[in-house]
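Residues per chain are reported as follows:
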Amino acid sequence: MNKKFIIFILMIITIFNLKTSSFALTTLYETTKEEKISSGVTLKNYDRFTEKGWLNINILEVDLDDKNTSVGLLTSENGLNTFQTVLEMAKNNASIAAINGDFFSGKSTNGYTVGLSIADGEFLTSTYIENEKKDEFASFILTENNETFIDYFNNIITLKSKNNDTTLLIKEYNRLSTNYDTIPVIYTSKWGKKSIGSFSYLDITEMLVVNNKVKEIVTGAEGLEIPENGFVVSTCGANAELLKNNFKVGDKITLDIDLGINIEKVKMAISGGAILVEDGKTPIFSANISGTHPRTALGISKDSKTLYLITVDGRQKNSIGMTQTELSEFLIEKNIYTALNLDGGGSTTMVAQKLGEKYLSIINSPSDVTLRKVTNAIGIFNTSKTSSLSNLIIESSEENVFVNCERELKIKGYDKNYNPIEIDLEDIKWSTSGVNGKIENGKLIAGDEAGTINITAQKGKVKATISIDILSSPNEITIEPKISHVEKNEKVKLSITAKNKNGYYATIKNSELTWKVLSGDGEILDGTYIPKKDGIHLIEVSAGNTKSYAIVEAMQTKETKVDYISNNNFKFISYPKEVSGEITKVNSDFINLNYDFTKTSATRAAYIRFKEPIKLNENYLNLSFDVISKENRGVEVILRKKIVVYSAGR
């Protein structure tokens, strides 16, 4: 029996035994990366293969004792009733890294956070209202002395008239109420410019308080302007009568917020869902978001000196996501002692400013088409002042380059506190050792000798070195896609990979290759082919004597109609009629279409691939798709169709 086959069978048996004995995911293969973001922040990446599939996990480890590192709450610059992406919030607040935070209610650009939030001693939003009945949604609190807490909190907010001791119990703070009669709300200027005012179907009574004095009481009016030094109380029904009968313009009032801790000493607070890890163990979850999804979490080390910000990508081929229990077990594996579940799914986002860079990069792979707008985030800050250049970094997109080819080099700098320093290439002195090659305008031009070249960049007394392997000429070129089916004048991007006689790969630039159109009428522009006429087009690409070929078939697109049934199922009216599927609405503008080709004889093991988001309008949508067939020789596009999906009832 084949040795590799025996090993494979043993692996399957091992996986089965492990799966039946534990809920934990078994790691079959893993690569890890680690890089410094600042003096107190390290970014770690785990690319892990388990018996369920691939996982891409990112962790920001934050040293809370580092004097140049701070952690804070990020919110939308347009008010607590609006959303922004994590990237926008981080940019607006000069954060060096951030992850998404609490769960929220609302859609599009407006809504509100579900739980508690505090920023620099200012109470922004109240605790989750259901926590009055039972511990359900926990919160993370960081004090100005870097003390950390993850627990279930419940605030008590009271408004009292000093004139007659009348007390009103406030149920929500900077949040919309489900019933303003029984759940009065306070709105501050952090909510927005105006209070909610009355609805078309509900008269709201609002009391404006400025400098702890009643300024105005109105009923059935538009929202009131909210001053920086005051707030608005919004209610109706019995509580509105209580306000009008017991609070008068000019009355002095007191507002008391009891959270069980000194709010003024809180640097930041943010809510999430269930506690994922408690005292190093998986607890019984107070709230469980079932299923395998992208996940975001926050954790604390046993000594409370390290904060962990975690994202797990999901709903993708290269990362399937985790269940809540699997996430808990992973955090325990990483010696995280206490942890909180944050909003996941399409909200899961991590951004960071990599070493020597002045801009933020999206670190994880969010599952939505674009970055989702959220209600708040956790930001990390480098609080040090920028000083002189201390370190240089030379970067190359690859470690290999073929002889007589070029490779772009990127040089970055940072100071002793890890602040980025802008580098002018004209100020850099370059030198090389090893095999022949030269540096021109920040670009390596390899010589005709294979081997290793060592490149040194120097500015003043600061140096950096990188080694790049110069490979012998390629003896094999691969062009992808080998076969394409497109419309006339539609662009086809051709990607080239090459390897030498020793089996080493390197990217080769389009300008370093020779391109020819052997048949058909079309043109090549920087590796992109544009067919000018219908028919078969044959393209040749070569490096020296090594050649590869691609076929592009330009043809007229046919239209196929599809019923869009009210229950969100559809079927093809014309070819291929055997195909059925399900339409899933993502939001008001986009949908997902999931197809079932199991009954399609003409396209065995086929599926449909979309290159762009599918945008809806009121009545129909037009889109083109490729039907792909997986066969032993690889993946081949076998036809292209255009469909028109009509809305329900049409």
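Residue numbers restart at each chain and count upward from 1, following the sequence in its written direction. Local features in this predicted model are restricted to residues of pLDDT 70 or higher, and side-chain atom pairs are both shown and tallied only at a pLDDT of 80 or more, whereas totals for entire chains, interfaces and linings draw on every residue. For the side-chain quantities, the full set of heavy atoms in the structure was used; hydrogens and water were omitted.

**Q** Let's hear about the side chain of Ser177: which residues, and what values?
**A** We count a stretch as a helix when DSSP gives it H or I for four or more residues in a row; a strand needs E for two or more, and each element gets its number in order from the N terminus. Here Ser177 lies in the loop between strand E14 (172-173) and strand E15 (185-187). When accessible area is computed with a 1.4 Å probe and restricted to protein chains, residues below 20% of their type maximum are described as buried, those above 50% as exposed, and intermediate ones as partly exposed. Classification of Ser177 as buried rests on a relative accessible area of 13%. Counted as a polar contact is a pair of N or O atoms within 3.5 Å, where, for protein atoms, one must be capable of donating a hydrogen and the other of accepting one, and residues adjacent in sequence contribute only when both atoms are in side chains. At 3.0 Å, the side chain of Ser177 and the backbone nitrogen of Asn179 are in polar contact. Contact criterion: two residues are considered in contact whenever any of their non-hydrogen atoms come within 4.5 Å of each other. Setting aside residues up to four positions removed in sequence, Ser177 forms contacts with Ile183, Val185 and Tyr187.

**Q** How would you summarise a nonpolar patch on the surface if you had to cite specific residues and measurements?
**A** Side chains of Leu28, Tyr29 and Trp54 sit close together on the surface and give an oily, nonpolar patch of about 280 Å² of accessible area. Tracing the backbone through its elements, the reader meets Leu28 in strand E1 (residues 27-38). To count toward a patch, a residue needs a relative accessible area above 30% and no salt bridge. Like charges then connect within 9 Å, nonpolar side chains (Val, Leu, Ile, Met, Phe, Trp, Tyr) within 5 Å. Here the accessible surface of atoms and residues is derived via Shrake-Rupley with a 1.4 Å probe, and residues count as covered only by protein chains that are part of the display. For this document, the term salt bridge refers to a Lys or Arg side-chain nitrogen within 4 Å of an Asp or Glu carboxyl oxygen.

**Q** So what's going on with the sheet that holds E14? Residues and values would help.
**A** Pairing between strands requires that DSSP locate at least two bridges from one strand to the other. Pairing is mixed in the open sheet, where five strands are placed in the order E14-E15-E18-E16-E17. Looking at which strands have only one partner, the edges of the open sheet turn out to be E14 and strand E17 (213-219). In this sheet, E17 lies alongside strand E16 (residues 205-210) in antiparallel orientation, the contact comprising six bridges. Bridging from a neighbouring strand, Thr205 pairs with Thr219 of E17. A fitted line through C-alpha atoms represents every axis, and for helices the fit uses only the stretch in contact; the resulting angles, taken between N-to-C directions, go from 0 to 180 degrees. Lying over the sheet, helix H3 (residues 237-246) contacts E16, E17 and strand E18 (230-235), oriented at roughly 130° with respect to E18.

**Q** An account of the sheet that holds strand E37 (residues 476-480) is requested, with residue identities and associated values reported.
**A** Reading across the sheet, the three strands line up as E37-E40-E41 and stay open at both edges, with antiparallel pairing between neighbours. Each edge of the open sheet carries a strand with a single partner, namely E37 and strand E41 (505-506). When E37 meets strand E40 (residues 495-499), the two strands line up antiparallel, connected through five bridges. Each residue of the ladder has a partner; that of Ile479, found in E40, is Ile496.

**Q** Run through the confidence of the model for the chain, naming residues and quoting values.
**A** The share of residues in the chain with pLDDT of 70 or more is 82%, and the mean pLDDT across the chain is 86. The quantity known as pLDDT measures the predictor's confidence residue by residue, on a range of 0 to 100. A low-confidence stretch, residues 1-22 stays under pLDDT 50, and its non-local contacts, those more than four residues away or across chains, total five contacts. Every residue in residues 583-650 is under pLDDT 50, and counting partners more than four places away or in other chains gives 161 contacts.

**Q** Pulling in residues and values, what's your account of the packing of aromatic side chains?
**A** Put simply, two rings from Phe, Tyr or Trp (the six-membered ring, in Trp's case) pair if the centres are within 6.5 Å, and we call them stacked under 30 degrees between planes, edge-to-face over 60, tilted for the rest. Under the counting rule described, the total for this entry stands at eleven aromatic pairs. An angle of 85° between the planes, with centres 6.2 Å apart, marks the rings of Tyr29 and Trp54 as edge-to-face. Linking Tyr29 in strand E1 with Trp54 in strand E3 (residues 53-63), this pair joins segments that are 25 residues apart in sequence. Judged by its relative accessible area of 47%, Tyr29 falls in the partly exposed class. Taken together, a centroid distance of 4.3 Å and an interplanar angle of 15° make the contact between Tyr128 and Phe137 stacked. Classification of Tyr128 by relative accessible area gives buried; the value is 18%. Residue class for Phe137 comes out buried when judged on its relative accessible area of 16%. Grouping aromatic residues by their ring pairs yields a cluster made of Tyr29, Phe49 and Trp54.

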